[in-house]
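Geometric and topological summary
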Amino acid sequence: MDLVTAIETRRSVKQFDPDRQLSDDELRQLVRLGALAPTSFNMQNWHFVAVREDDRKADLAAAAYNQVQVANASVVIVLCGNLKAHTDTTRYLRNAPEVLRSMFDGMIRGFYAKNDALARDEACRSVGFAGQNMMLAARAMGLDSCPMIGYEPDRVTELLGLPAHCPPLLMLAIGKAEEPARPRLGLLDYDEILSCEIFGNHSLEGEIAHE
Ligand SMILES: Cc1cc2nc3c(=O)[nH]c(=O)nc-3n(C[C@H](O)[C@H](O)[C@H](O)COP(=O)(O)O)c2cc1C
């Protein structure tokens with residue numbers, strides 16, 4: 001599947017085939033392609049928890065306001081931030097030349113130290129990119145997905161034993177669609193979401209085409 005088709009056909013699916021299992025190799029492929037997403041300073045400030053066991057998915061569904069796609073997905077991936085990533089640069093700069101490593105080390109610590117909000121913003125950016133990669137990878141693998149924030153973070157944290165510095169920022173349900181997504185709710189037009197050169201200059205008009 002080409003990239004444009006993957007983007008155009010990615011929809012938020014609620015009904016997955018509950019009998020479709022996800023193999024270890026498929027999970028590796030999803031996570032590998034997710035991990036190729038860009039992160040600031042290559043920090044890879046994330047940790048993914050993949051849940052495939054039925055009982056645990058049922059527990060997660062209960063923590064997600066009983067949203068059915070959590071229980072019937074092949075895998076539920078909880079994308080956590082790693083809010084301490086900036087404190088240990090040796091992990092992710094291990095292939096960098098020494099001169100670059102020590103320069104980046106100082107920059108990274110200085111940038112995020114004493115700025116918890118920035119570290120959390122950064123983690124949100126990172127898991128957003130990784131999550132989108134995973135959803136598009138799922139399409140390329142003949143699978144579907146649903147991104148989610150409709151869950152109780154504290155319950156998810158407890159269920160998965162997440163440490164305090166790894167908050168659950170995004171949840172992805174991934175599986176084989178049993179029913180298509182509902183029709184799109186409506187896309188905003190170009191002049192509503194795009195300014196050219198300076199904010200408020202809506203010189204490009206028209207509807208954004210979709211099926
Ligand atoms: C951050 C985020 C959180 C979302 N949370 C939920 C959710 O909890 N439950 C759900 O059914 N859909 C959820 N969605 C899916 C959106 O409703 C959906 O992306 C949007 O309506 C556009 O539809 P599409 O993804 O099919 O293009 C979420 C999407 C995003 C990006």
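Cut-off values and rules
Residues numbered from 1 in each chain as written. Predicted model: local features only at pLDDT ≥ 70, side-chain atom pairs only at ≥ 80, totals over all residues. Heavy atoms only, no water. Helix = DSSP H or I, 4+ residues; strand = E, 2+ residues; numbered from the N terminus. Contact = heavy atoms within 4.5 Å. Lys, Arg positive; Asp, Glu negative; His and termini not counted. Charge placed at Lys NZ, Arg CZ, Asp CG, Glu CD. Axes fitted to C-alpha atoms, helices over the stretch in contact; angles between N-to-C directions. Parallel < 35°, antiparallel > 145°, perpendicular 65-115°, else oblique. Left-handed = near helix turned anticlockwise from the far one by under 90°. Nonpolar A, V, L, I, M, F, W, Y, C, P; charged D, E, K, R; others polar. Near = heavy atom within 4 Å. Polar contact = N/O pair within 3.5 Å; in protein donor to acceptor, adjacent residues only side chain to side chain. Areas by Shrake-Rupley, 256 points an atom, 1.4 Å probe, with all protein chains shown as cover. Pairing = 2+ DSSP bridges. Phe/Tyr/Trp six-rings, centres within 6.5 Å; stacked < 30°, edge-to-face > 60°. Buried < 20%, exposed > 50% of the residue type's maximum accessible area, 1.4 Å probe, protein only.

1. A word on the overall build of the chain
- Helix and strand counts for the chain stand at eight helices and four strands.
- When the helices and strands of the chain are placed in sequence order, the string is α-α-β-α-α-β-α-α-β-α-β-α.
- Seen along its three principal axes, the alpha-carbon backbone of the chain occupies a region of about 55 × 55 × 30 Å.
- The long-range fraction of contacts in the chain, counting pairs at least 24 apart against all pairs at least 6 apart in sequence, stands at 74%.
- Taking the 22 positively charged and 30 negatively charged side chains of the chain as two groups, their mean positions are separated by 6 Å.

2. Description of the packing of helix α3 (residues 54-62) against helix α7 (residues 153-160)
- Axis separation between α3 and α7 bottoms out at 9 Å; the angle between their running directions is 160 degrees. One element, α3, and the other, α7, form an angle in the roughly antiparallel class. Of the two elements, α3 crosses α7, and the hand of that crossing is right-handed. The residues of α7 that touch α3, namely those facing R56, D59, L60 and A62, are R155, V156, L159 and L160.
- Of the residues assigned to the contact of α3 with α7, the class counts are five nonpolar, no polar and three charged.

3. Describing the site of the ligand
- Inspection of the region around the ligand gives 13 residues, with R11, S12, K14, Q67 and G150 positioned closest.
- Contact between the ligand and S12: an oxygen atom at 2.6 Å from a side-chain N or O atom of the residue.
- Here a nitrogen atom of the ligand sits 3.0 Å away from a polar atom, N or O, in the main chain of I149.
- Protein coverage of the free-state accessible area of the ligand, which is 620 Å², stands at 63%.
- It is strand β3 (residues 144-148) that provides the largest number of residues to the shell around the ligand, a total of three residues.
- A breakdown of the residues in the shell around the ligand according to their chemical character gives five nonpolar, four polar and four charged.

4. Notes on the sheet that holds strand β4 (residues 168-175)
- In space, the four strands of this open sheet follow the order β1-β2-β4-β3, with antiparallel pairing throughout. The strands lining the two open edges of the sheet, one partner per strand, are β1 (46-51) and β3. Taken pair by pair, the neighbouring strands of this sheet meet at an average axis angle of 20 degrees, ignoring direction.
- Here β3 pairs with β4 via five bridges, running antiparallel. Its bridge partner lying in β4, P147 is registered against L172.

5. Topic: the packing of aromatic side chains
- For the structure on display, the rule yields five aromatic pairs.
- On the numbers, 5.5 Å between centres and 80 degrees between planes, the contact of F41 with F104 is edge-to-face. Separated by 63 residues along the polypeptide, F41 in the loop between α2 (24-35) and β1 and F104 in helix α5 (residues 98-112) bring together distant segments of the chain.
- Given the relative accessible area of 18%, F41 is considered buried.
- An angle of 85 degrees between the planes, with centres 5.1 Å apart, marks the rings of F111 and Y112 as edge-to-face.
- Its relative accessible area of 1% is what places Y112 among the buried residues.

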